[in-house]
Amino acid sequence: MRLVFAGTPEVAVPALDALLASDRHEVVAVVTRPDAPAGRGRKLVASPVAQRAEEAGIEVLKPAKPSDPDFVARLTELAPDCCPVVAYGALLRPGTLEIPEHGWVNLHFSLLPAWRGAAPVQHSVLAGDEVTGASTFLIEQGLDSGPVYGVITEEVRPTDTSGELLTRLSLSGARLLAATMDGIADGSLHAVPQPAEGVTLAPKITVEDARIEWAHPALRIDRVVRGCAPAPGAWTEFRGERLKVTGPVRLLPESADLAPGELAVVGKNSVRVGTGSHDVELGEVCPQGKKAMRAADWARGARLESGERFAAGA
């Protein structure tokens, strides 16, 4: 098939690579979000997908909106048979959806109908799921509600951050998307409607969602730290300033000596915090305006006083 691939972030690059490597399909163009400011100089930088497409010598389309007339006209000229999508990041309207004969097929990082929305992997970690996966489905006007072509499953490891889990899913999902294109092309694969039961939503995680509430149980705090890594990053307040908790916390079921948010330095290398259940040991933190560091190094520099606490949270 003739394909126009739509995607933006780094997590979409493995899928683009898988389709470029296929001898059954031709990627004739890539659609991605416009260049965005990045870095200290805030210079405009092309998306990871745009950079990969340019390396491969493929036409790159960067419409401000996919409903822009010039973009719609060019997409019509390209006459794609199908448009595979991975984390493109813009809403597709009916007129655009109807251009390719086989529609727009999205790779979504959950087992639909679970975790429909912008942050499925983060919500899976936050919820304590033991198994998640990826699905390919035909895009329609509803939120991730279209019929499903195929799925793969992936174990959620006890220490997984969202970033680590998403990296694995991007690789296995790339193979799923390529296989889905093969099945659509030869007519062996047909989309199946999603069940009405089991729908859960995964809206974007906000900075406020990532705030640690120390009165919550330790297990919940562990999930917040892992689920919000690397972005937006779990955080708390110390001495009136924001402190990111960037590394994992270690649960200490045998220790419940501290009040929620209360800090204690134990030995040379252990910084413990009280929670609503039992204490946790901090791994890595990032003070405001500084680089991430071991919690023990931060504590030495901060000269913690006995009984000091993190802000409890909301």
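The structure reproduced in this document is the subject of the present report. Everything numeric in this text was worked out from a predicted model, so none of it was measured. (Residues numbered from 1 in each chain as written. Predicted model: local features only at pLDDT ≥ 70, side-chain atom pairs only at ≥ 80, totals over all residues. Heavy atoms only, no water.)

It is worth spelling out the overall build of the protein chain at this point. Per the secondary structure count, the protein chain includes 8 helices and 17 strands. By its C-alpha atoms, the protein chain is 70 × 45 × 30 Å across when sized along the principal axes. Going through the 314 residues of the protein chain one by one, you find that 48% of them count as buried. Restricting the contact set of the protein chain to residue pairs at least 6 apart, pairs at least 24 apart contribute 65%. Here the protein chain contributes 32 positive and 40 negative side-chain charges, whose respective centroids are spaced 8 Å apart. (Helix = DSSP H or I, 4+ residues; strand = E, 2+ residues; numbered from the N terminus. Buried < 20%, exposed > 50% of the residue type's maximum accessible area, 1.4 Å probe, protein only. Contact = heavy atoms within 4.5 Å. Lys, Arg positive; Asp, Glu negative; His and termini not counted. Charge placed at Lys NZ, Arg CZ, Asp CG, Glu CD.)

Below, the discussion takes up unusual backbone geometry. Look at the link from Leu112 to Pro113: it is a cis peptide, with omega at 15°. With respect to the helices, strands and loops of the structure, Pro113 is situated in the loop between strand 7 (104-108) and helix 5 (120-127). Across the junction of Ala229 and Pro230, the peptide omega takes the value 10°, indicating a cis bond. Of note in this structure, Arg239 is not a glycine but carries a positive phi near 55°. Following the sequence through the fold, Arg239 ends up in the loop between strand 10 (235-238) and strand 11 (241-245).

With antiparallel pairing, the 4 strands of this open sheet are ordered in space as 12-15-14-13. Edge strands, defined here as strands with exactly one partner in the open sheet, are strand 12 (250-251) and strand 13 (263-266). By the bridge criterion, 2 bridges tie strand 14 (residues 270-273) to strand 15 (residues 280-281) in an arrangement that is antiparallel. Bridging from a neighbouring strand, Arg272 pairs with Glu281 of strand 15. (Pairing = 2+ DSSP bridges.)

Below, the discussion takes up the packing of aromatic side chains. Going through the model one piece at a time under the given rule, you end up with 4 aromatic pairs. The structure contains a cluster of three or more aromatic residues connected by ring pairs, namely Trp214, Phe238, Trp298 and Phe310. The ring centre of Trp235 lies 3.9 Å from the NZ or CZ of Arg242, which sits over that ring. (Phe/Tyr/Trp six-rings, centres within 6.5 Å; stacked < 30°, edge-to-face > 60°. Lys NZ or Arg CZ within 6 Å of the ring centre and 35° of its normal.)

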